[in-house]
Amino acid sequence: MVYRRTPAVQARLDAQRALIVQGATGVLSRDGFAGLSMAAVAAEAGIATGTVYKQFENKAELVAAVFETVVAREVEAVRAAAVGGDVIQRVTAAVETFAGRALKNPKLAYVLLAEPVDTAVDAQRLEFRRAFAAVFETAISHGIAEDGLPAQDAALSAAALVGSIGEVLVGPLVAAPHAESVVPELVAFAVRALGARTESS
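Residues numbered from 1 in each chain as written. Predicted model: local features only at pLDDT ≥ 70, side-chain atom pairs only at ≥ 80, totals over all residues. Heavy atoms only, no water.

**Thoughts on the confidence of the model for the chain**
Consideration 1: Of all residues in the chain, 94% have pLDDT values of 70 or greater, and the mean over the chain is 88.
Consideration 2: Of all the helices and strands in the chain, helix 6 (residues 106–113) carries the lowest mean pLDDT, 86, while helix 2 (residues 38–45) carries the highest, 95. (pLDDT = per-residue confidence, 0-100. Helix = DSSP H or I, 4+ residues; strand = E, 2+ residues; numbered from the N terminus.)

**Side note on the nonpolar core**
Consideration 1: L62, V95, F98, F136 and L169 are the most contacted members of the largest nonpolar core, which totals 61 residues.
Consideration 2: With 10 residues, the single largest contributor to this core is helix 4 (residues 59–81).
Consideration 3: In contact with V95, other than residues within four places in its own chain, are G100, F136, I165, L186, V187 and A190. (Core = buried A, V, L, I, M, F, W, Y, C linked by side-chain atoms within 4.5 Å. Buried < 20%, exposed > 50% of the residue type's maximum accessible area, 1.4 Å probe, protein only. Contact = heavy atoms within 4.5 Å.)

**Notes on the side chain of T97**
Consideration 1: Note on placement: T97 falls in helix 5 (residues 87–104).
Consideration 2: Here A93 takes part through its backbone oxygen, which lies 2.7 Å from a polar atom of the side chain of T97.
Consideration 3: Ignoring sequence-local partners within four residues, the contact set of T97 consists of A77, V78 and A81. (Polar contact = N/O pair within 3.5 Å; in protein donor to acceptor, adjacent residues only side chain to side chain.)

**Observations regarding the packing of aromatic side chains**
Consideration 1: Here the structure, examined in full by the defined rule, presents 2 aromatic pairs.
Consideration 2: Between F98 and F132, the ring centres sit 4.4 Å apart and the planes meet at 5 degrees, which makes this aromatic pair stacked. A residue pair is termed long-range when its members are at least 10 positions apart, and F98 in helix 5 and F132 in helix 7 (residues 119–145) qualify at 34 residues. When sorted by exposure, F98 lands in the same class as F132, which is buried.
Consideration 3: Considering the side-chain rings of F128 and F132, the 5.0 Å spacing of their centres and the 90 degrees angle between planes classify their relative orientation as edge-to-face. Separated by 4 residues within a single helix, F128 and F132 lie in helix 7, roughly one turn from each other. For the pair formed by F128 and F132, the shared burial category is buried.
Consideration 4: Following the ring pairs from residue to residue traces out a cluster consisting of F98, F128 and F132.
Consideration 5: Across the ring face of F33, the terminal group of K59 is positioned such that the distance to the ring centre comes to 4.2 Å. (Phe/Tyr/Trp six-rings, centres within 6.5 Å; stacked < 30°, edge-to-face > 60°. Lys NZ or Arg CZ within 6 Å of the ring centre and 35° of its normal.)

**Brief notes about the environment of K59**
Consideration 1: Secondary-structure assignment places K59 in helix 4.
Consideration 2: When its relative accessible area of 24% is taken as the criterion, K59 is described as partly exposed.
Consideration 3: The sequence separation of K59 and V121 amounts to 62 residues, and the corresponding C-alpha distance is 9.6 Å.
Consideration 4: In this structure K59 touches F33, L36 and M38, once residues within four positions along its chain are discounted.
Consideration 5: At 3.0 Å, the side chain of K59 and the backbone oxygen of F33 are in polar contact.
Consideration 6: At a separation of 3.1 Å, a polar atom in the side chain of K59 contacts the main-chain carbonyl oxygen of L36.

**Here's the deal with unusual backbone geometry**
Consideration 1: Phi is positive for D147, close to 65 degrees, though the residue is something other than glycine.
Consideration 2: Taking relative accessible area as the criterion, D147 reaches 53% and is therefore assigned exposed.

Okay, structure coming up:
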């Protein structure tokens, strides 16, 4: 007879997994990928190291779970910020949210954007960038449709923006304190790069 987990057992395992991911996020935020170990995560979560291994086979699998959780949260924040207004307002909100949130948790953002990681985690990072690019692509497509932007490949422009923003943030993220002008300059760059039409243009 095949063993089936009861709802109560599954709920307990899901809660345990969430606790481990939260602990790993805490370690990454403090020590980065290089300082992450299963033992460090266990200590952060207040559980035995063996319990971590029961949920995650290795460090790469655990970090992938962190990426999935954190990226979903961050992408949703950027998507929610870029919902209304004209294209300049949408792009401004997206850039300010993306960059602003990254600069509030620089160590974790550096892990997500640039710190050398395992190959499997690097693949997850590409998904992270694609998810953000999709938000920018939507804003750009709206701008083109509303004649607020010149005709262009929205997907290409979105990917270029995300890559540029990530590249700029790597400096401030690893060399805190960051300049207060970073986010406004990124917004201005994004608006210029997309060719946004202002009232005076």
